[in-house]
Structures are given as structure tokens and as C-alpha cells.
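Read off the chains here:
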Amino acid sequence: MDRETGLNLALLGVMLAIPLWAMAADEPFLVTLTTRAVIFAIAGIGLNVALGFGGLVSFGHAAFFGVGGYAMGILASHAQGYMPLIEWPILVEGTKSMPVIWLTAICASALTAFAIGALSLRTAGVYFIMITLAFAQMLYYFAISWPAYGGEDGLSIYLRNAFPGLNTMDPIQFFAICYALLLAVLFLVARAARAPFGLMLNAARQNEDRVQAVGQTPYRLYLVAFTISGAITGLAGALFADLNRFVSPSMFSWQTSGEIMVFVILGGVGRVFGPVAGAALFVLLEHVLGGVSDYWHIYLGAILLAVVLYARGGIFGILTGRDTANG
Amino acid sequence: MADPILDVRGVSKSFGAVTACRDIDLDVRPGEIHALIGPNGAGKSTLIKQVAGGLAPDSGRVFFDGQDVTGLPTAARARLGMGRTFQISSLAMEFTVLQNAVLGALGHRGGVFRFFRPAMKDAGLLARAREALDQVGLAEFEALRTSELSHGQRRQLEVAVALTLEPKVFLMDEPMAGLGAEGSHRLMAFLDSLRHKAPILLVEHDMDAVFTLADRVSVLVYGEIIATGTVDEIRANEQVRSAYLGDEALP
Ligand SMILES: Nc1ncnc2c1ncn2[C@@H]1O[C@H](COP(=O)(O)OP(=O)(O)OP(=O)(O)O)[C@@H](O)[C@H]1O
Ligand SMILES: [Mg+2]
């Protein structure tokens with residue numbers, strides 16, 4: 001076992017130990033806080049598939065986070081109001097079932113990512129950053145001006161959605177669900193990163209000419225990566241909405257995109273576990289610094305700047321002494 | 001005479017006022033090494049790019065294996081069987097040598113959209129990659145990061161990746177530059193045997209290599225082919241002597 005694997009396991013261990021301890025010590029708030037970190041980690045892992053593995057600097061991942069959130073909000077609000085979603089030509093009811101909601105969130109955000117990616121990936125560099133931001137802003141304003149689903153005020157869901165056999169209102173049980181999903185996502189993404197797809201995508205990030213010379217098309221690799229990336233972030237959005245039992249347009253805001261990017265950069269771009277460390281650190285800083293000052297984002301900004309300037313591999317780069325995840 | 005596998009017809013390309021290629025006709029036939037020589041800036045790399053893809057000619061057509069490929073993207077041409085090496089090494093620099101070779105084998109085999117089984121544990125890909133590395137003499141360096149290779153070794157790796165593609169024609173832009181005497185000789189011996197697998201369009205500055213290896217030579221000067229012929233014909237060609245080779249003793 002190398003050092004990085006050890007660190008990964010330690011990180012997962014700590015993220016499991018904290019809520020277990022907090023539950024024993026009767027500190028439900030800490031459980032919720034860790035759940036927040038776990039969900040952010042999933043969102044970051046999603047972005048990392050595009051940003052870290054594909055080199056696609058998306059500043060619009062709030063779009064997928066929000067679509068996932070609204071997928072949950074819309075389905076659950078119809079279910080709690082006993083209003084069918086669609087009556088004609090077929091009857092579609094809302095639902096309070098988490099697995100169904102996750103699946104819907106994943107499909108909806110994957111479709112959104114496919115559409116946004118298909119258009120945005122025709123550009124590169126700064127233009128790509130700006131166009132992904134623009135798409136997310138479009139959805140943001142759309143959500144604000146959509147009165148059927150709460151408009152600016154968002155949507156409240158009274159009870160957390162249901163998972164067979166569990167009481168999701170119990171913080172530790174909801175944590176367990178999110179943690180299990182984190183493990184599943186980590187596993188699948190780690191596999192994909194080493195699979196033919198991951199190898200070719202990584203090569204495209206490094207050198208598009210090389211990929212073309214071996215007969216492959218970077219655009220297709222990017223589009224698939226972007227779609228998967230959006231789907232994972234969308235799943236996180238659905239979980240985040242369930243955590244708060246609330247969905248609002250702010251999930252679509254550019255600040256959200258920025259924060260997801262922060263998880264990835266803080267943790268270490270291109271490492272499967274990087275966003276987990278980044279999200280944990282972010283939530284920790286948010287909690288600690290946020291308690292000290294309302295302007296904690298300034299400190300966060302300073303830390304981020306230091307990471308970008310002096311530790312390109314993020315926390316993992318510092319701890320493992322390696323800049324990149326390859327070789 | 002066998003039909004050419006690669007046939008460039010009347011290709012022209014200008015960059016503003018610079019005419020890099022003017023009405024170029026050139027073909028590559030099965031089993032041959034066709035060397036393309038010419039002074040710096042003659043337009044050799046520009047021609048290779050138009051053949052391999054990535055640069056559209058202003059006019060003219062490129063036929064490959066009986067098919068007009070002029071409008072095809074680079075990746076499609078590679079899949080049809082063009083194995084290209086770049087003048088300025090173009091590899092995945094963060095990857096190991098072996099990973100780069102596996103990348104070629106994977107690109108050739110296809111099945112890129114697989115998400116579960118590790119590529120670097122695929123016995124078929126590894127075997128193909130290692131065989132190619134062995135052929136160019138890089139086997140012992142397979143675990144090295146590509147950025148740690150010397151310039152010459154990067155050229156060798158370029159050739160190895162092209163080999164994994166099992167192409168129908170090789171397009172090699174100065175594969176020997178930076179190799180040193182021993183490396184050059186080794187690669188020369190290898191290219192010599194390679195032509196029977198697939199013909200080679202070889203851009204090369206090393207005249208020893210060209211005159212030893214080539215079946216035919218085309219001489220490009222200021223974007224124009226001033227002569228095409230066997231090694232002996234090119235040596236004897238007055239125009240070539242004055243325009244390019246100078247009057248020094250030729251090999
Ligand atoms: N993208 C480009 N834009 C403008 N001019 C270019 C471009 N590419 C090549 N040229 C010009 O076209 C001419 C031919 O260049 P090319 O690289 O094909 O020469 P070459 O024969 O390969 O030279 P060398 O032996 O130095 O590799 C040169 O004058 C070069 O400056
Ligand atoms: Mg050149």
C-alpha cells in the first residue's frame with residue numbers, strides 16, 4: 001500500500017468516525033456537518049472527472065447541482081401535495097422514494113450536461129469557462145422566474161425522502177446513505193480513471209494531437225466525461241436538497257460553481273480522492289472561520305491562492321509529495 | 001508497378017505570402033521508403049500535416065488506399081491506417097513510456113469507451129505495446145516517465161506508438177533527429193526492415209540515412225518538388241546539386 005492509498009483510507013476513516021462519535025456524544029449537528037462534507041465531496045468528484053481528468057475547466061457545475069436539486073424538489077413537492085406531475089398522455093406522479101429521485105436526478109443532470117457539453121466543448125480555454133458559466137446563469141434565472149416551483153423563494157420539502165428500511169430523518173442514517181453513495185462513486189470513478197476511457201481522456205488533456213494520431217477524437221471523450229461529470233454532481237445536488245429539505249435557485253448560482261471548483265482545487269486536481277479532502281477542508285474552514293468572521297470567504301480566498309501558487313497538487317500534493325496522480 | 005498506397009495530387013498550401021507547398025505530386029508505393037528531403041522551411045512538415053490531417057490544403061487532393069481522404073479529420077485517417085510521427089515529439093508527457101505505447105495499442109484496437117477494467121492490465125494491449133517498445137529499443141525504459149526521456153528517446157517512442165497502430169503507411173517527420181550515432185544506426189536498420197510491413201514516407205535531414213535507406217527520393221525546395229527519383233538519379237541530378245545538395249561530395 002503506498003502513501004496515497006493510506007491517506008485515502010485515513011480520510012474515509014475520519015469521515016466515518018466523526019459522525020459515529022458525534023452520535024454517541026449526542027451532537028447531531030456534527031453529523032449533519034459531516035454529511036454536508038460528504039455530499040460536497042460527491043459534487044467535487046463529479047467536477048473532477050471533467051476538470052481533473054479531462055482538463056475541462058467548467059465554471060458551470062452549479063447547473064448540474066441545481067438540476068439534481070430541483071429533480072428532487074419537483075418530484076417530492078408533487079408527492080407531498082398529491083398533485084400528479086403529468087396527467088396526459090400518461091399519468092406521472094411525484095415520488096418520495098430516494099432511489100427513484102436519485103435516478104431521475106442523475107438522468108436529468110446527465111442530459112443537461114450532454115446538451116451544455118455538446119455546445120460548450122466546441123470552444124476551449126477561457127471561452128469554455130465563460131460559456132459554461134453562462135449556461136448555469138441561464139438556469140439560475142430560469143429557476144428564479146419559475147413560480148410553479150417557488151421562484152426566488154425555492155421549495156420546501158417537509159420530510160426527507162424515503163429509503164426502504166431506513167429512517168432518513170435520523171441524521172446518522174441519512175449520513176450512512178450519503179457515505180455509502182460516496183464510496184460507490186469513488187469506486188466507480190477510480191475504476192473509470194484507470195480504464196481505457198480514463199487513459200485516453202487523460203491523454204487528451206495532455207495532448208490532443210497525440211490522441212488524434214492514435215485514431216481517437218478528443219471531443220467525444222470530453223463530451224462523455226462532461227456528461228458523467230454532470231451526472232455525479234447532479235446526484236450530489238439531489239442529496240444536498242434532501243439534507244436541507246429545501247431547494248432554491250442559489251443551488252444554480254455561480255457561487256455554487258465556484259465552491260465546487262474550490263473542493264477540487266483545494267484537494268488536488270486529477271486525484272480521485274482529491275475532492276473528498278477538499279470538501280472536508282472546505283466544510284471545516286466554513287465552520288471554524290465562519291464562526292470567527294462573516295468574511296471568512298476572504299480567508300478561504302487566501303488559502304486557495306496559496307494552494308494554486310505553491311501547491312498545485314492541493315492537499316494531496318503536499319501530503320504525498322507528488323504533483324500529479326500519474327506514473 | 002503496384003498501385004500507390006498514398007497519392008498526393010496537386011496539393012498547394014500558402015500561409016499569407018509564404019507558399020509552403022506548391023502543386024505537389026507525390027506517391028508512396030507498397031514496400032518502399034520514399035524519402036522527402038529539402039532545406040529548412042521547404043515545406044516538408046507542412047506537407048506531412050496535410051497528408052496526416054490537421055491542415056487542409058488550399059487545393060489538391062490526398063488519396064489513401066484508394067480513398068479520397070482530403071476532407072477527413074486526423075483521427076479518421078489514423079484509423080484508416082496512417083501512422084504518423086511528429087517532428088516535435090507529441091506524446092502524453094506525464095505518462096510512462098509504457099502508457100504511451102498502450103495508448104497507441106488502445107487507439108488502434110478501439111473500445112475506448114470502457115469504464116471498468118484497467119487498461120494497464122489488459123494483456124493484449126500490453127503485449128502489443130511492449131513488442132513495439134522492444135522493436136525501437138525502449139523496452140528497458142518502459143517504466144520511465146516520458147518527460148524524463150532524452151529527445152532522441154522521445155523520437156523512438158513516437159515510432160513505437162506508430163508501430164502499435166499497425167498502419168498501412170508510416171509518415172515519419174525526422175525520426176532520427178537527436179538520436180546520436182548508435183541510435184541512428186539502430187533505427188536505420190529497423191526502418192530498413194519495416195518497409196516490408198508498410199511503406200514509409202520519411203522526412204529526414206541525415207543524408208547518410210536517406211541515401212542508404214530510400215528507394216526513392218523527392219526533393220522539396222521552397223515548396224516545390226524539383227525532382228523525384230531513385231537515389232542514383234537524385235545524386236546525378238544537376239538541379240538538385242545546385243539548388244540543395246551543394247557541390248560537396250555526396251555520400
Ligand atoms: N502555421 C503556420 N503559419 C504560418 N507559416 C507557417 C506555418 N507552418 C509553416 N509555416 C511556414 O511554412 C514554411 C514551411 O514550413 P515547414 O515547417 O513545412 O518546413 P520544413 O520543411 O518542415 O522545415 P524543417 O526542415 O525546418 O522542419 C516555412 O516558411 C514556415 O515558416
Ligand atoms: Mg519540418
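Residues numbered from 1 in each chain as written. Chains lettered and ligands numbered in written order. Predicted model: local features only at pLDDT ≥ 70, side-chain atom pairs only at ≥ 80, totals over all residues. Heavy atoms only, no water.

## Quick notes on the domain arrangement of chain B
All names here are of chain B. What counts is decided by this rule: Throughout the structure description, domain borders are defined by an automatic or database domain assignment. Any two residues having at least one pair of non-hydrogen atoms within 4.5 Å are treated as being in contact. Simply put, the buried area is the total loss of 1.4 Å probe accessible area from both parts when two parts are fitted together. Salt bridges are defined as contacts in which a side-chain nitrogen from Lys or Arg sits within 4 Å of a carboxyl oxygen from Asp or Glu. Secondary structure elements follow DSSP: runs of H or I of four or more residues count as helices, runs of E of two or more count as strands, with numbering from the N terminus. Residues are grouped as follows: nonpolar covers Ala, Val, Leu, Ile, Met, Phe, Trp, Tyr, Cys and Pro; charged covers Asp, Glu, Lys and Arg; every other residue, Gly included, is treated as polar.
Per the domain assignment, the segments making up chain B are domain 1 (1-81 + 173-251) and domain 2 (87-166). Of note, the centres of domain 1 and domain 2, computed from C-alpha atoms alone, are 25 Å apart. The interface is formed by eleven residues belonging to domain 1 together with eleven residues belonging to domain 2. Both sides together, the interface formed by domain 1 and domain 2 hides about 1,100 Å², and carbon and sulfur atoms give 56% of it. It is L179, R186 and F190 in domain 1 that bury the most area against domain 2; as a group they hold 35% of the surface buried on that side. Across the contact surface, domain 1 and domain 2 share zero salt bridges. For the side of domain 1 that touches domain 2, the element with the highest residue contribution is helix 6 (residues 180-194), accounting for three residues. A breakdown of the residues in the side of domain 1 that touches domain 2 according to their chemical character gives five nonpolar, two polar and four charged.

## Some details on the coordination of the magnesium ion (ligand 2)
Residues and elements named next belong to chain B. The cut-off we apply is this: Sites may look incomplete because water is not among the atoms; the donors themselves are N, O and S atoms within 2.8 Å of the metal, or within 3.2 Å for Na, K and Ca. Using a 1.4 Å probe on the protein chains alone, a residue whose accessible area is under 20% of its type maximum counts as buried, one over 50% counts as exposed, and one in between counts as partly exposed.
The magnesium ion (ligand 2) binds to the protein through S45 (OG) and Q87 (OE1); the donor distances cover 1.9 to 2.0 Å. Residue S45 is located in helix 1 (residues 44-52), and its partner Q87 is located in the loop between strand 6 (82-85) and helix 3 (97-109); the two are separated by 42 residues in the primary sequence. Note on S45: relative accessible area 19%, which makes it buried.

## Describing the nonpolar core
Convention followed: By nonpolar core is meant a set of buried Ala, Val, Leu, Ile, Met, Phe, Trp, Tyr and Cys residues that side-chain atoms within 4.5 Å join together.
In terms of nonpolar packing, the biggest core is built from 144 residues, with L182 and F226 of chain A together with L157 and L191 of chain B touching the most fellow members. Considering each element in turn, this core owes the most residues, 15 residues, to helix 2 (residues 28-54) of chain A. There are two domains that each give this core at least three residues, and those are domain 1 (1-81 + 173-251) and domain 2 (87-166) of chain B. If we skip the residues at most four places from it in the chain, F226 of chain A touches A50, L56, S58, H61, F64, A113, I116, G117, L121, F128 and T132 of chain A. Within the second largest apolar cluster, 23 residues are counted, among which are V8, I48, V62 and V203 of chain B.

## Section: the pairing of strand 1 (residues 6-15) of chain B
Residues and elements named next belong to chain B. Put simply, the rule is: A pair of strands is considered paired only if DSSP assigns at least 2 bridges between the two.
Among the ten residues in strand 1, seven count as buried, and that is most of the element. As paired elements, strand 1 and strand 2 (residues 18-28) share seven bridges and run antiparallel to each other. Residue pairing in the sheet places L6 in a bridge with V28 of strand 2. Once strand 1 ends, the chain turns through two residues before running back antiparallel as strand 2, passing G16 with a positive phi of about 60°. Inspection of the sheet shows strand 1 paired to strand 4 (residues 59-64) by five bridges, in the antiparallel sense. From the neighbouring strand, S12 faces strand 4, where its bridge partner is S59.

## A closer look at the site of ligand 1
Residues and elements named next belong to chain B. For the record, the criterion: We call a residue near a molecule or strand as soon as one heavy atom of that residue lies within 4 Å of the molecule or strand. Here a polar contact means two N or O atoms within 3.5 Å. Within protein one must be a hydrogen donor candidate and the other an acceptor candidate, and residues neighboring in sequence count only if both atoms are side-chain atoms.
In the vicinity of ligand 1 there are 14 residues, among which G41, K44, S45, T46 and Q87 approach most closely. Contact distances for ligand 1 include 2.8 Å between an oxygen atom and a backbone N or O atom of G41. Residue T46 places a side-chain N or O atom 2.5 Å away from an oxygen atom belonging to ligand 1. Looking at the shell around ligand 1, the elements that each hand over two or more residues are strand 2 and helix 1. Of the residues forming the shell around ligand 1, the biggest block, three residues, is contributed by helix 1. Partitioned by chemical class, the residues of the shell around ligand 1 number five nonpolar, seven polar and two charged.

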